[in-house]
Amino acid sequence: MEYGLGIKNNHLYFGGADTVELAKQYGTPLYVFDERVIREACRDYKNSIDRYYDGNGMVLYASKAFSCKEMYRIANDEGIGVDTVSAGEIYTALSADFPAENIFFHGNNKTDAELEYAVENNIGHIVIDDFLEIDRLNNIAGQLGKTVNVMLRIKPGIDAHTHDFIKTGQNDCKFGFTLETGEALDAAKKAIRTENLNVTGFHCHIGSQIFSTEPFSLAASVMASFIARVANETGHTVSELNLGGGFGIRYTDEDEPLPYAEFMNKVSAQLKYSCKELSLPVPKVFIEPGRSIVGPAGITLYTVGSIKTIPNIRTYVSVDGGMSDNPRYALYGAKYDALIANKAEEPDDFIATIAGKCCESGDLIGENIKIATPETGDVLAVLATGAYNYSMASNYNRMTRPAAVMVKDGKSRVIIKRETFEDLISKDV
Ligand SMILES: *Cc1c(COP(=O)(O)O)cnc(C)c1O
């Protein structure tokens, strides 16, 4: 029953609901989320951060992984904060009554309008990404008569072994201030001198889909040294450290994620050790898991349409969605497991290339995926699509974005409605 998945009477169940029935009831493509899996991930993180940081820590759900009102309600209900990367995400969170003080605002190129929106709405922390932003934000805060809590995003110079497009800790990266060149120290000095910004701490996020604790431990020790360096040079000892997200999940059997508690245990031990060596008080620690909170909690259901066998080459099994609802194979070559939901007990000895219906040869959900022998009309379930699928979906080819339903103990409810043709032309003039 891993990830809320189960099998009964040859059908795939998810969160206690028969996925074949869900496909019938709501239509396909359909995103399905298991609320219990989401909540358990939030609790796991919260309990382990409380335990390993002696209550002086906070989990922020990185909401770009899957942003909709219901997700912000669940995060709030579980007592965690959120990280956002645009005024649109902040707006969504606030419209779900998410408390502003528990929101972090990131981004490498926030507009003035976004900064004003965040300051006006008393967003808890803004994570500054470049020098100009220090001045811009200081001015905006001054004009609005507010003091803003800020962190600075630092590139700690760590190469997390993950895909080039999702690693962000090394120097050649568009995010943040470089530690190695002294840029980060200059930025800290500048921000600390401002009138309207309160520098509470520093942030780093070294990448995504990371499976080992070492890069995180290394980041913790590098960041602790940086806090000490800034304290020595400016007399300002920050009290917060945000170590970002990036904890890996299982997409296929090739992935072997560690229990989150193990990250927390190892990294907290390293941070406490470093702080002791540096005679620093241990800062309040924030982590920002996105993928690992919602990824395994979601699946996508499609209906199989055309099946095309090219002898000695491959068989294309086409579904009624594609890169418009899951662009991750096209973007990164990301791998997924899939199965035929109405043939869940049948042997998966058919090797398929699962194709979408968009007008691109690269519109694939995956290659060499083992499934039961497919027939037109079958329901195909692609697993672990909860993160970076709906949030990366598009209307390419004027596809309508699928609905999302949340299941809990066998009961389902719509949390995002399926787009209609009307929606498609609603902004056309
Ligand atoms: C994307 C991102 C995260 C979340 O990464 P996951 O791999 O989804 O855990 C956290 N923090 C920042 C700043 C990010 O950009």
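Above this text is the structure in question.
These notes cover the structure that comes with them. (Residues numbered from 1 in each chain as written. Predicted model: local features only at pLDDT ≥ 70, side-chain atom pairs only at ≥ 80, totals over all residues. Heavy atoms only, no water.)

**Description of the packing of helix H8 (residues 214–234) against helix H9 (residues 260–277)**
- Closest axis-to-axis distance for the H8/H9 pair is 9 Å, and the angle between their directions is 25°. As the angle between them shows, H8 and H9 are arranged roughly parallel. The chirality of how H8 crosses H9 is right-handed. Residues Phe216, Ser217, Ala220, Ser221 and Ala224 of H8 pack against Phe263, Lys266, Val267, Gln270, Leu271, Ser274 and Cys275 of H9.
- When its residues are assigned to classes, the contact of H8 with H9 shows 7 nonpolar, 4 polar and 1 charged. (Axes fitted to C-alpha atoms, helices over the stretch in contact; angles between N-to-C directions. Helix = DSSP H or I, 4+ residues; strand = E, 2+ residues; numbered from the N terminus. Parallel < 35°, antiparallel > 145°, perpendicular 65-115°, else oblique. Left-handed = near helix turned anticlockwise from the far one by under 90°. Contact = heavy atoms within 4.5 Å. Nonpolar A, V, L, I, M, F, W, Y, C, P; charged D, E, K, R; others polar.)

**Here we look at the environment of Ile227**
- Within the element layout of this structure, Ile227 appears in helix H8.
- On the basis of relative accessibility, which here comes to 3%, the residue Ile227 falls in the buried class.
- In sequence terms Ile227 and Ser239 are 12 residues apart; their C-alpha atoms lie 9.0 Å from each other.
- Each residue touching Ile227, except ones within four places of it in the same chain, is listed here: Phe202, Val238, Leu241, Leu280 and Pro283. (Buried < 20%, exposed > 50% of the residue type's maximum accessible area, 1.4 Å probe, protein only.)

**Remarks on helix H5 (residues 112–120)**
- Within H5 the residues assigned to the buried category are Glu114, Leu115, Ala118 and Val119. The arc that holds every buried residue of H5, seen down its axis, measures 130°, which confines them to one face.
- Immediately beyond the C-terminal end of H5, within one or two residues, lies Asn122, with a positive phi of roughly 55°. (Arc of directions from axis to C-beta.)

**Concerning the site of the ligand**
- Near the ligand, the surroundings consist of 15 residues, among which Lys64, Ser208, Glu288, Arg291 and Tyr388 are the closest.
- Between Gly246 and the ligand, the recorded distance is 2.9 Å, taken from a backbone N or O atom to an oxygen atom.
- Protein contact buries 94% of the 390 Å² of open area that the ligand shows by itself.
- Partitioned by chemical class, the residues of the shell around the ligand number 3 nonpolar, 7 polar and 5 charged. (Near = heavy atom within 4 Å. Polar contact = N/O pair within 3.5 Å; in protein donor to acceptor, adjacent residues only side chain to side chain. Areas by Shrake-Rupley, 256 points an atom, 1.4 Å probe, with all protein chains shown as cover.)

**Things to note about the pattern of salt bridges**
- Applying the stated criterion across every chain yields a total of 24 salt bridges.
- Of the charged contacts, one joins Glu367 and Arg314 as a salt bridge, the two residues approaching to 2.8 Å between their closest N and O atoms. Residue Glu367 is found in strand E18 (residues 364–371), and its partner Arg314 is found in strand E15 (residues 314–319); the two are separated by 53 residues along the sequence.
- With a relative accessible area of 29%, Glu367 lands in the partly exposed category.
- Residue classification places Arg314 among the partly exposed residues on the basis of a relative accessible area of 28%.
- With a closest N to O distance of 3.1 Å, Arg398 and Asp428 form a salt bridge. Taken as a pair, Arg398 in the loop between strand E19 (379–382) and strand E20 (403–408) and Asp428 in the segment after helix H12 (421–425) lie far apart in primary sequence, 30 residues in all.
- Since its relative accessible area comes to 43%, Asp428 is described here as partly exposed. (Salt bridge = Lys/Arg side-chain N within 4 Å of Asp/Glu carboxyl O.)

**Notes on the side chain of Glu240**
- Along the chain, Glu240 falls in strand E12 (residues 240–242).
- Buried Glu240, no salt bridge; nearest opposite-charge side chain is Lys284, N-O distance 5.0 Å.
- Side chain to side chain, Glu240 and His125 meet in a polar contact 2.7 Å long.
- Dropping the residues within four chain positions of it, Glu240 is found in contact with His125, Met151, Thr200, Gly201, Phe202, Pro283, Lys284 and Phe286. (Lys, Arg positive; Asp, Glu negative; His and termini not counted.)

**A look at the packing of aromatic side chains**
- Tallied over the full model, the rule gives 13 aromatic pairs.
- Taking the centre distance of 5.3 Å and the plane angle of 90° together, the rings of Phe216 and Phe263 count as edge-to-face. On the criterion of sequence distance, the pair formed by Phe216 in helix H8 and Phe263 in helix H9 is long-range, its members being 47 residues apart.
- Directly above the ring of Phe105 sits Lys110, whose terminal nitrogen or CZ lies 5.7 Å from the centroid. (Phe/Tyr/Trp six-rings, centres within 6.5 Å; stacked < 30°, edge-to-face > 60°. Lys NZ or Arg CZ within 6 Å of the ring centre and 35° of its normal.)

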